[in-house]
Amino acid sequence: MSEAEHAETNGTANGDVPEIELIIKASTIDGRRKGACLFCQEYFMDLYLLAELKTISLKVTTVDMQKPPPDFRTNFEATHPPILIDNGLAILENDKIERHIMKNIPGGYNLFVQDKEVATLIENLYVKLKLMLVKKDEAKNNALLAHLKKINDHLANRNTRFLTGDTMCCFDCELMPRLQHIRVAGKYFVDFEIPTHLTALWRYMYHMYQLDAFTQSCPADQDIINHYKLQQMLKMKKHEELETPTFTTSIPVDIAD
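What you are looking at is a predicted structure, and each value in this text was computed from that prediction instead of being measured.

Another aspect to go through is the nonpolar core. By size, the foremost hydrophobic cluster in this structure holds 70 residues, and its most contacted members are Leu47, Leu148 and Leu201. When residues of this core are assigned to their parent elements, the largest contribution, 11 residues, is made by helix α8 (residues 170-190). Looking at this core, you find at least three residues from each of domain 1 (17-109) and domain 2 (114-239). Those residues in contact with Leu201 that lie beyond four places of it in its chain are Leu148, Ile151, Asn152, Leu155, Leu179 and Ile194. Ile23, Phe76, Ile83 and Ile85 belong to the second-largest nonpolar core, a separate cluster that totals 6 residues.

Inspection of the secondary structure assignment puts Leu125 in helix α6 (residues 125-135). Residues Leu125 and Ala90 lie 35 residues apart in sequence; the distance between their C-alpha atoms is 29 Å. Ignoring any residue separated from it by four or fewer positions in sequence, one finds Leu125 in contact with Leu144, His147, Leu148, Ile151, Leu175 and Ile182.

Now for the UniProt feature "domain: CLIC N-terminal" (unreviewed entry) in the protein. The UniProt entry lists residues 18-101 under the feature "domain: CLIC N-terminal" (unreviewed entry), expressed in the numbering used here. The distance from the first to the last C-alpha atom of residues 18-101 is 12 Å, and the span holds 36% helix and 25% strand.

Once that is clear, we can look at the domain arrangement of the protein. Under the domain assignment, the protein is made up of domain 1 (17-109) and domain 2 (114-239). Taking only C-alpha atoms, the centre of domain 1 and the centre of domain 2 are 22 Å apart. Taken together, the contacts link 18 residues of domain 1 with 24 residues of domain 2. Buried area between domain 1 and domain 2, both sides added, is near 1,900 Å², and the carbon and sulfur share of it is 64%. On the surface where domain 1 and domain 2 come into contact, there are 2 salt bridges. Taking the shortest distance from any N to any O, the salt bridge between Asp223 and Arg33 comes out at 2.6 Å.

This next bit is on the pattern of salt bridges. Throughout the structure, instances matching the rule amount to 11 salt bridges. Salt-bridge contacts for Arg158 lead to Asp115; the nearest nitrogen and oxygen are separated by 3.0 Å. Remark: Asp115 occurs in the loop between α4 (108-111) and α5 (116-122) and Arg158 occurs in helix α7 (residues 138-158); sequence separation between them is 43 residues. Under the relative-accessibility criterion, Asp115 is labelled buried at 14%. Notably, a salt bridge pairs Glu193 with Lys187, separated by 2.9 Å at the nearest N-O pair. Among the residues examined, Lys187 registers a relative accessible area of 40% and is labelled partly exposed.

Of all the 7 residues making up strand β3 (residues 57-63), 6 are buried; the element is thus mostly covered by neighbouring parts of the structure. Here strand β2 (residues 19-25) pairs with β3 via 7 bridges, running parallel. Directly across from Glu19, in β3, lies its bridge partner Ser57. One crossover worth recording links β2 to the parallel β3 by way of helix α1 (residues 38-52), and it is right-handed.

Here we come to the confidence of the model for the protein. Predicted confidence across the protein gives a mean pLDDT of 90, with 92% of residues reaching 70 or more. In the predicted structure, residues 3-14 sits below a pLDDT of 50 and forms 27 contacts with residues beyond four places in sequence or in another chain.

Analysis parameters
- Residues numbered from 1 in each chain as written.
- Predicted model: local features only at pLDDT ≥ 70, side-chain atom pairs only at ≥ 80, totals over all residues.
- Heavy atoms only, no water.
- Core = buried A, V, L, I, M, F, W, Y, C linked by side-chain atoms within 4.5 Å.
- Buried < 20%, exposed > 50% of the residue type's maximum accessible area, 1.4 Å probe, protein only.
- Helix = DSSP H or I, 4+ residues; strand = E, 2+ residues; numbered from the N terminus.
- Domains from an automatic or database assignment.
- Contact = heavy atoms within 4.5 Å.
- UniProt positions renumbered as here; feature names shortened; annotations may be inferred.
- Buried area = accessible area lost by both parts, 1.4 Å probe.
- Salt bridge = Lys/Arg side-chain N within 4 Å of Asp/Glu carboxyl O.
- Pairing = 2+ DSSP bridges.
- Right-handed = clockwise from strand over helix to strand, strands pointing away.
- pLDDT = per-residue confidence, 0-100.

Set out below in C-alpha cells:
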C-alpha cells in the first residue's frame, strides 16, 4: 500500500485528537496516486473538513486494486475501498462509513444536515451521467442537462455558497466529485459541456475549486477518463498513460465571488 499525501496531520504525540485512516482506490494508470472512485473522494472530503477543524488527524492511503498487496488481502480479502479505520476498527461498507462519520467521529454530526429537498435534488445525478456515456444520444444529454438546471435553480433561489447554506455539508461532498466527473468524462466521451448560462452552478463550482478539501482529494482528469474507459472495456492509449496528470479547474464565465 502506498501512503498518499496526508490530507491533514493534526494532533500531537499525546494523542489529543483521534487519527482516522481512510484507504482509497489508487489510480488505475500508475497504481499510486488518487483514483477516480466517487465514494473515496466523498469520504476523503468529509474527513478532510473535520481535519481542518482539528477534531481528527487524517491519514489517507491508496491501494492499487489491480495488484493489491498481500497485507491488504489478508486484512480485507475481496473488499474494495473506501475503507475507514478508526482506532483499529475497520468499517467496510459505504452506508456504515457514513454512519460512523456521523455518529462516532468528533464533529461528524455537524456535516450530516437534514435537508430532504437537497437529498432528493442530487439523487440519481450520477445515473444520468452513466446513461449519457453509454447511450450517447440526445435524450440522455437532455436528461442530464435538465437535472443540472434543477441544481442551478436551487442554488440561485437559496443564494448560498453551498447546497444548504454558506458552510459545507455532506451533500456538497457528495455532489462536487460527481460534477467533476460530469465535466471531465462528459467532455471527453460525448463532448458534453455544462452550459455557461447555468451561472449559479458555475459559481458553486468556482467555490468548489477554491476548497482544499476538494483539490486535495480530486483525481486527475486522466484517471477520471480511464475509470470510464475500463467500464466500457476500452484501453488507455500509451501516450495517455504517460501524460503528466492534469486537473480541470477553470471556470468559463466571469463569476463574482
